[in-house]
Each structure stands twice: as C-alpha cells, then as structure tokens.
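# Examining the three-dimensional arrangement
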Amino acid sequence: MLSLPYIRDNKELVIKGLAVRNFKNADTLIESVLESDRKRRAIQAELDNILSDSNKISKEIGKLFKSGEVQKANIAKEKTGLLKEKSKNLSDNLGEVEQELNELLYQIPNIPHALVPAGSNEEDNEIVFSEGDIPTLHEKATPHWDLCKKYDIIDFELGNKITGAGFPVYKGKGAKLQRALVAYFLDKNSAAGYTEVQPPLLINEASGFGTGQLPDKEGQMYHVGVDNLYLIPTAEVPVTNFYRDVLLKESDFPICNTAYTPCFRREAGSYGSHVRGLNRLHQFDKVEIVRVEHPDKSYEAMEGMVEHIKGILQELKLPYRILRLCGGDLGFTSALTYDFEVFSTAQDRWLEISSVSNFETFQANRLKLRFKNKDGKSQLAHTLNGSSLALPRVLAGLLENYQTEEGIKIPEVLQAYTGFDLID
RNA sequence: GGAGAAAUGGCAGAGUGGUCGAAUGCACUAGUCUUGAAAACUAGCGAGGGUCACACCUCCGGGGGUUCGAAUCCCUCUUUCUCCGCCA
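Residues numbered from 1 in each chain as written. Chains lettered and ligands numbered in written order. Predicted model: local features only at pLDDT ≥ 70, side-chain atom pairs only at ≥ 80, totals over all residues. Heavy atoms only, no water.

Time to look at the environment of Met302. Structurally, Met302 can be placed in helix H10 (residues 298-316). Each C-alpha atom of the pair Met302 and Thr337 lies 9.4 Å from the other, and the pair is 35 residues apart in sequence. Excluding its chain neighbours within four sequence positions, the residues that come into contact with Met302 are Leu336, Thr337, Tyr338, Val356, Ser357, Asn358 and Leu384. (Helix = DSSP H or I, 4+ residues; strand = E, 2+ residues; numbered from the N terminus. Contact = heavy atoms within 4.5 Å.)

If you want it as structure tokens, here you go:
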C-alpha cells in the first residue's frame, strides 16, 4: 500500500502513475484519500486535546486525594466524566474514518517505475532481451504431456484420483529430475549469496496482509477454515513476512534469502492446451529469491537478480527471453517486473518461468519494514523477489526441447544431480 | 489433550492503581583520555501519530472492560515455559 505522506507530497505523480496502469478514476480516488486524511487528522487533533485535558485533571485528582481534599476531588471527577464521553465519541469516529481511509488505500496499486511502458495487456509487454538457440526437433516430437505418459515420469490421472486436476504425481526419473532441479537451483542461489531458508507452508492472516494477498485476493489461496490459515501461493509470502514489524540497521543490507517450497494456487483455471499438463497447476514447486534492500540500491539489486537468472538459463541451455511488463500487465503490488519466458519448441509457445519484481516500499509499508537511516530516522525499506526458478514449466521446457528419438537428454549441469543422462 | 506459570525498550530484567514511557545492567552512538586500540569516565539512546518547529496524544503480547486515573485489577484470544498424556 502506498504511504500517506507520499500521496500527500506527490499527488500528481501518483495520478500519472496510475494512468500508466489504465487505472480508472484515479483523481477522484486520490482526492477522497486526501479528504479522508484531512478528516482523520482533524479528529485526531481534537481527541488529543481532550485526552490532554483529561490527563491533567486526573493528575490533579490524584494530588487532591493525597492531601485529603476529597470534596474538591469529587467535583473534578464530574468534569472528567464529561470529557470521557466526548473522547469516546471522537475515538469511535476516528476509528470509522481510519477504516474508510484504509479501504480507499487498499484500492490503490503501486506506482509503476518510469521504465514501465504504458499498455493494457500482455501484447504491450516489451521484449528487452533474448538468448539461446531454438532447437530443431525430430519429426515425432511431442508436447510434454505426451512425453510424461510415454516415459511414465509424471502421472496426471493418478493425481486426479488422489486429489483432483492440477495435482500431478511425479514418478521415477521424473521425481528424481524434479528433485535435481530443486537442488541445482538452491545451490546456484546459495553460491550467489542467498541464504537458504525453509519457511512454513501455511500462513496466518497477518502474513497474507503483509505481502498484499489479503484483503481482496483470498480467492487465490487455499484456506484452512478450522484454523484460519492459508496455504502459501509462493514462498514470497512467508519469507518476506520474516521482516514484518522489523526495524533494520543500514548495515543489515543487503538481505538475501532463497527458499524452496511447494506453492498452492486455487486460480479457477480455464481448459485447453494453454493450461494442459504442467502449464498451470494447483500445486507446484518453486525456488524463490527474496531480497530486502536500501531504497538507493534496490534497482541495482534487481539488475543482479536478472543477471543471476540469466546465468542459470544459460547453463541449462534453454532458449529464453525477458519481458518488461507494461502497466496493464503489472501486478498490483509491483513497481517494475521482468518476466522470463522459455521457448517450448514442441508447444510452439513461450512459457513464463520466472517473474522478478521490485515492490519498492509498497509491501514494506504494510509490513512495517523499516530501517534507521543516516539521520537516525525510520525509513521504509524496499522488497524484491523473483523465481529462481519455477519448476513445472522449466521441466516442460527441458522435456520438450531436449527430446530425441532415443529419449530425453538431461542437461550436463544437472547430470551430477540426477545420476542419469537420459530418460528412456 | 490435561494442570500450572509467564509475556515490559535491541537484549537481560525491576516495577502490582496516581509525576512510570517506565529503574538498573549489557549492547549501541558521540565525546574525553591514548601514538592507536582496549579500559575508564562523560553525555545520548524505544516506537508511532501530530507540528515549520515545539506542545500534545498513543503504545508495557493482541482485543475488550473496571476506574477520575491501569504496565499494575477483571474478561478473552495468542504465544512461550514447566509437569503429565499422546506421537513422527
């Protein structure tokens, strides 16, 4: 959520930024926010004065009782009774206005970075980089869902039976390849300075709120009603929430974590080839990188994350490209996002395998994630995250691009992890 | 799951109805001393709101209540610890 002082001081910038997202009625919304804020401060000031008076009289009463002047004390008590009633009304009022203000603030997405192109949907995303050769496949090459069946490495039907659509069962070399990828990604991330962590897979409401899944987006998460907990949609949620209600020192930066977790998404999916096989799942594995940075360093850090992921894809020898998301496709909480896509030859389409975002202070504001700056003042930190990498589509890309008539080859860097070099 | 105890500033730890936003120690920051460092000494040192800046207000796990007045009393939730039970 945007911070109020920022909106107050940068009204025009905020409205302009929202326009890049095609956000409608931005100026009316911002105006109501500012109006609500004015109201809030006026009530607060009035309440503070009444409480101040009341505090003073209470102290008097204490003194009077001590010196035995009971009558005078009782007269003073009557005064505070009146003040009490007033302050009760005012604080109720304040509560209402604060809630109203918050509800308005929740509606405002993050302000896009200057690099974000205007645009309404994915067609307007900018391709900023591409690399790797698209392989020429043999004549009988097929999409991964057929390969999974042929080599019996991923069983979608068994998953249907056990749970439902979108919950595949990995078998034999498929399971081993999956485990190899997780280990390989974690090792790469560790080598790049990320601290490996294993967070809980269920989160409470406060955590969901901290990273912006709540309120409003609870439909995307599985909810365990009896305990009021949510299954994580990404490791970003628990790991970023490590730093909820935290006041850092400048010397704590940079903070770099990496976590492997299963991810759970309800997202009511459509049907058809776009969501077939591994393309979209309710449960999937992902290795995430999460950073907390000084605001002056966060874009440098983001650049580093992008380079890091490029390195992994180069080692895997997968053809990929990088997109800069346009305003219309940018996530609610993000200021700048780069998507990585791998080309799947057998499906003849690009598959999103990573998304690297800088949230600037948008999450930090909700998280109350701050640091003491050089002036000794508390300042909001920047949060960033990215997939490094999401498993199913990387797997899909590997299976499809590495298929030969003899079987599916394993990229060299993975062979030490799998212990085999061919799935046949 | 049952019984009991507890939750206070970055940490440890006093405080059980009236100058308590809170003693003390450690940590931290600045200074003195020193060739430098350490030690010692001196000073500062929680967070949020509000203000040009003060003033002022709020916060002692969360929420609610009693009272003129709550860190302190009551209710409730959460978490932690000890003992018992169960268990990978």
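Following the sequence through the fold, Asn358 ends up in strand S13 (residues 349-360). Only 3.0 Å separates the side chain of Asn358 from the side chain of Ser298, close enough to count as a polar contact. The residues contacting Asn358, other than those within four sequence positions of it, are Ser298, Tyr299, Met302, Ser334, Ala335, Leu336, His382, Thr383 and Leu384. (Polar contact = N/O pair within 3.5 Å; in protein donor to acceptor, adjacent residues only side chain to side chain.)

The next thing to look at is the packing of aromatic side chains. Enumeration over the complete set of coordinates arrives at 10 aromatic pairs. Relative to Phe209, the ring of Tyr106 has its centre 5.7 Å away and its plane inclined at 80 degrees; by these criteria the two rings are edge-to-face. In this pair, Tyr106 sits in helix H4 (residues 70-106) while Phe209 sits in helix H8 (residues 205-210), placing the two residues 103 residues apart along the sequence. Exposure remark for Tyr106: the relative accessible area of 18% places this residue in the buried category. For Phe209, a relative accessible area of 27% puts it in the partly exposed group. Here the aromatic rings of Phe167 and Tyr222 are separated by 6.4 Å at their centres, their planes lie at 55 degrees, and the arrangement is tilted. Residue Phe167 is located in the loop between helix H6 (156-162) and strand S3 (169-170), and its partner Tyr222 is located in the loop between H8 and strand S6 (223-224); the two are separated by 55 residues in the primary sequence. What makes Tyr222 partly exposed here is its relative accessible area of 23%. (Phe/Tyr/Trp six-rings, centres within 6.5 Å; stacked < 30°, edge-to-face > 60°. Buried < 20%, exposed > 50% of the residue type's maximum accessible area, 1.4 Å probe, protein only.)

Here helix H7 (residues 173-191) is 19 residues long and its end C-alpha atoms lie 26 Å apart, about the 27 Å a rise of 1.5 Å per residue gives. Buried within H7 are the following residues: Gly174, Leu177, Gln178, Ala180, Leu181, Val182, Tyr184, Phe185, Leu186 and Asn189. Positive phi shows up at Gly193, right after H7, with a value of about 100 degrees. (Expected span 1.5 Å × (residues − 1).)

When the parts of a complex come together, some accessible area is lost, and that lost area is often taken as the interface size. Partitioning chain A into structural domains gives domain 1 (4-105) and domain 2 (122-423). Relative to domain 2, the C-alpha centre of domain 1 lies at a distance of 43 Å. (Domains from an automatic or database assignment.)

Looking at RNA strand B, there are 19 residues lining it, with Asp48, Ser58, Arg370, Lys372 and Ser378 nearest. Of all atoms in RNA strand B that approach within 4 Å of the protein, 74% are sugar or phosphate atoms. In the model, a base nitrogen of RNA strand B is placed 2.8 Å from a nitrogen or oxygen of the Ser58 main chain. For RNA strand B, a phosphate oxygen lies 2.9 Å from a polar atom in the side chain of Ser378. At the level of secondary structure, the elements contributing two or more residues to the surface near RNA strand B comprise helix H3 (26-66), H4 and strand S14 (369-372). Among the elements that take part in the surface near RNA strand B, H3 stands out by supplying 11 residues, more than any other. Of the residues assigned to the surface near RNA strand B, the class counts are four nonpolar, seven polar and eight charged. (Near = heavy atom within 4 Å. Nonpolar A, V, L, I, M, F, W, Y, C, P; charged D, E, K, R; others polar.)

Bringing the pattern of salt bridges into the picture now. Under the definition given, this model contains 17 salt bridges. Put simply, Glu35 and Arg38 hold a salt bridge, and the shortest N to O gap is 3.1 Å. Highlighted residues: Glu35 and Arg38, both in helix H3, separated by three residues, approximately one helical turn. Among the charged side chains, a salt-bridge network with shared partners connects Arg8, Asp37, Arg40 and Arg41. (Salt bridge = Lys/Arg side-chain N within 4 Å of Asp/Glu carboxyl O.)

Now for the sheet that holds S14. The mixed open sheet is built from three strands, whose spatial order is S8-S14-S15. At either end of the open sheet lies a strand with only one pairing partner, and these are strand S8 (246-249) and strand S15 (378-380). Averaged over neighbouring strand pairs, the angle between their axes works out to 40 degrees when direction is ignored. Here S8 pairs with S14 via four bridges, running parallel. Bridge assignment links Leu247 to a residue of S14, and that residue is Arg370. (Pairing = 2+ DSSP bridges. Axes fitted to C-alpha atoms, helices over the stretch in contact; angles between N-to-C directions.)

This part is about the nonpolar core. In terms of nonpolar packing, the biggest core is built from 53 residues, with Leu181, Phe185, Leu313, Phe340 and Val394 touching the most fellow members. No other element matches H10, which puts seven residues into this core. Every residue in contact with Leu313, bar those within four places of it in the chain, is listed here: Leu318, Tyr320, Phe340, Val342, Ile353 and Leu389. Membership of the second largest hydrophobic core comes to 19 residues, among which are Ala26, Leu34, Leu101 and Tyr106. (Core = buried A, V, L, I, M, F, W, Y, C linked by side-chain atoms within 4.5 Å.)

Our focus in this paragraph is the sheet that holds S13. Overall, mixed pairing links the eight strands, which are arranged S1-S11-S12-S13-S16-S10-S9-S4 in an open sheet. Edge positions in the open sheet fall to strand S1 (126-131) and strand S4 (195-197), since each of these has one partner strand only. On average, adjacent strands in this sheet sit at an angle of 25 degrees to one another, irrespective of strand direction. Of the strand pairs in this sheet, S1 and strand S11 (residues 320-324) are connected by five bridges, and their pairing is antiparallel. The partner of Glu126 across the bridge, within S11, is Arg324. Sitting on the sheet, H7 is in contact with S4, strand S9 (255-264), strand S10 (283-293) and strand S16 (382-390), with an inclination near 5 degrees to S10. Helix-sheet contacts for H10 involve S1, S10, S11, strand S12 (336-344), S13 and S16, and the interaxial angle to S16 is about 5 degrees.

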